[in-house]
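# Coordinates in review
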Amino acid sequence: MISLVVPTLGRPSLAALLDTLAAQLGEKRRDETSDVELLLVDDRGGDAGELAVPGALTAYTKVLTGRGAGPAAARNLGWRAARGEWVVFLDDDVVPAPDWAARLRADLAVAGRVGGVQGVVEVPLPAHRRPTDWERGTAGLADGRWITADMAYRRVALAAVGGFDERFPRAYREDAELAHRVRRAGWELVRGTRRVTHPVRPESRWVSLRTQRGNADDALLRRRYGRHWRTDLDLPPGRRPRHTAITAAGAVALAAVAARAAVRHPARRALGVAAGLAALGWAAGTAEFARARIAPGPRTPDEVATMLVTSALIPPLATVHWVRGWWRARAVPAGDGR
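Structural notes, computed from the coordinates. Nothing here was measured: the structure is a model prediction, and the numbers come from that model.

## Notes on the environment of Glu-188
Relative to the helices and strands, Glu-188 resides in strand S8 (residues 188-197). By relative accessible area, Glu-188 is classed as partly exposed at 36%. Between the C-alpha atom of Glu-188 and that of Gly-112, which follows or precedes it by 76 residues, the distance is 9.3 Å. Beyond its immediate chain neighbours, meaning those up to four positions away, Glu-188 contacts Arg-113, Val-114, Gly-115 and Gly-116.

## Comments concerning the pattern of salt bridges
Under the defined criterion, the tally for this structure stands at 32 salt bridges. A salt bridge links Glu-37 to Arg-83; the nearest nitrogen and oxygen atoms lie 3.1 Å apart. You can see Glu-37 sitting in strand S2 (residues 36-42) and its partner Arg-83 sitting in the loop between helix H2 (71-81) and strand S4 (86-90), a full 46 residues away along the chain. Given the relative accessible area of 60%, Arg-83 is considered exposed. As a salt-bridge pair, Arg-154 and Glu-85 come within 2.9 Å of each other at their nearest N and O atoms. Placement of Arg-154 in strand S7 (residues 150-154) and of Glu-85 in the loop between H2 and S4 is noted, with a sequence separation of 69 residues between them. Through salt bridges with shared partners, one network takes in Arg-11, Asp-92, Asp-93, Arg-201, Glu-203 and Arg-210.

## Regarding the packing of aromatic side chains
Under the criterion given, the structure shown has two aromatic pairs. With a centroid separation of 5.3 Å and an interplanar angle of 80°, the aromatic rings of Phe-89 and Phe-164 are classed as edge-to-face. Linking Phe-89 in strand S4 with Phe-164 in the loop between helix H5 (155-161) and helix H6 (174-184), this pair joins segments that are 75 residues apart in sequence. Accessibility classification places Phe-89 together with Phe-164 in one group, the buried group. Between Trp-322 and Trp-326, the ring centres sit 6.5 Å apart and the planes meet at 15°, which makes this aromatic pair stacked. In this pair, Trp-322 and Trp-326 both sit in helix H12 (residues 301-328), four residues apart, roughly one turn of the helix. The partly exposed category is assigned to Trp-326, whose relative accessible area is 35%.

## What to know about helix H3 (residues 100-107)
Of all the residues in H3, the buried ones are Trp-100, Ala-101, Leu-104 and Asp-107. Buried residues of H3 fall within an arc of 115° about the axis and therefore sit on the same side. Counted as exposed and oriented over 90 degrees from the buried face of H3: Ala-102 and Ala-106.

About the thresholds
Residues numbered from 1 in each chain as written. Predicted model: local features only at pLDDT ≥ 70, side-chain atom pairs only at ≥ 80, totals over all residues. Heavy atoms only, no water. Helix = DSSP H or I, 4+ residues; strand = E, 2+ residues; numbered from the N terminus. Buried < 20%, exposed > 50% of the residue type's maximum accessible area, 1.4 Å probe, protein only. Contact = heavy atoms within 4.5 Å. Salt bridge = Lys/Arg side-chain N within 4 Å of Asp/Glu carboxyl O. Phe/Tyr/Trp six-rings, centres within 6.5 Å; stacked < 30°, edge-to-face > 60°. Arc of directions from axis to C-beta.

Structural data, given as structure tokens:
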């Protein structure tokens with residue numbers, strides 16, 4: 001049996017996913033789909049009403065009520081209730097290709113040492129203009145390794161490592177961390193040929209500020225896996241060291257200005273020089289960051305203005321969230337993921 005697990009917050013995109021699955025699974029006779037079950041994990045919380053499930057799927061769909069603790073907890077609820085040998089995780093904002101179900105079965109016909117098979121994720125970008133910063137960030141999912149937008153695991157592999165680590169409350173890093181533990185347990189992970197489309201959902205122009213909360217999760221990974229955690233988890237390099245340097249330069253500049261106002265000559269001159277140099281470092285670092293985000297984008301007035309403002313705010317926000325995450329992870333034994 002194959003178990004499909006879809007955690008959802010009830011976004012409108014869920015309807016497109018379920019309609020696509022209904023078209024591929026519902027068109028077959030019931031005895032041909034008896035080896036498939038769909039587990040929807042309703043993580044909306046409160047009295048949100050029932051999830052609408054297409055009639056073609058109701059025969060083999062079960063809705064589970066999550067506790068609103070994030071995607072890691074929702075997926076754990078789903079796979080632990082699953083009956084299949086394989087558990088296929090799908091995000092509620094992807095759209096499977098027309099031949100997804102057929103290719104899935106071919107993808108899962110793998111050697112016994114393979115514990116997971118990732119699908120191909122495609123992110124459509126606008127053809128008539130350069131993508132925005134948010135669109136480029138979403139497009140990065142196409143290159144992500146072992147992301148649960150479409151990722152299948154043997155249930156025994158999930159059970160062997162205890163599933164997702166629920167200390168990761170966001171849709172960020174929890175899938176890469178699970179994949180690392182599965183591979184460390186001796187399983188191989190491979191890529192399949194089935195495809196899903198992951199449209200870029202509409203977001204506020206300030207979404208990049210909100211996503212900085214993921215730095216707290218990075219701090220937990222650093223605590224668990226040591227300084228080489230990005231390499232171990234197949235993650236690309238980040239900008240946190242630069243963000244920290246920019247933040248430090250800004251803090252030194254402000255501190256020097258405040259101190260200069262409180263002291264008398266001759267220290268005022270030295271503090272003025274220190275403030276100027278630190279401010280120059282902050283401005284140079286912020287300008288480089290803004291340029292790196294503006295250059296590949298559409299360069300419209302709104303986009304440029306948003307990039308300028310957020311490029312000044314992201315470094316301190318990222319640093320604060322990292323420190324917050326490190327403080328919360330202080331009780332975790334260093335290197336406990338090894």
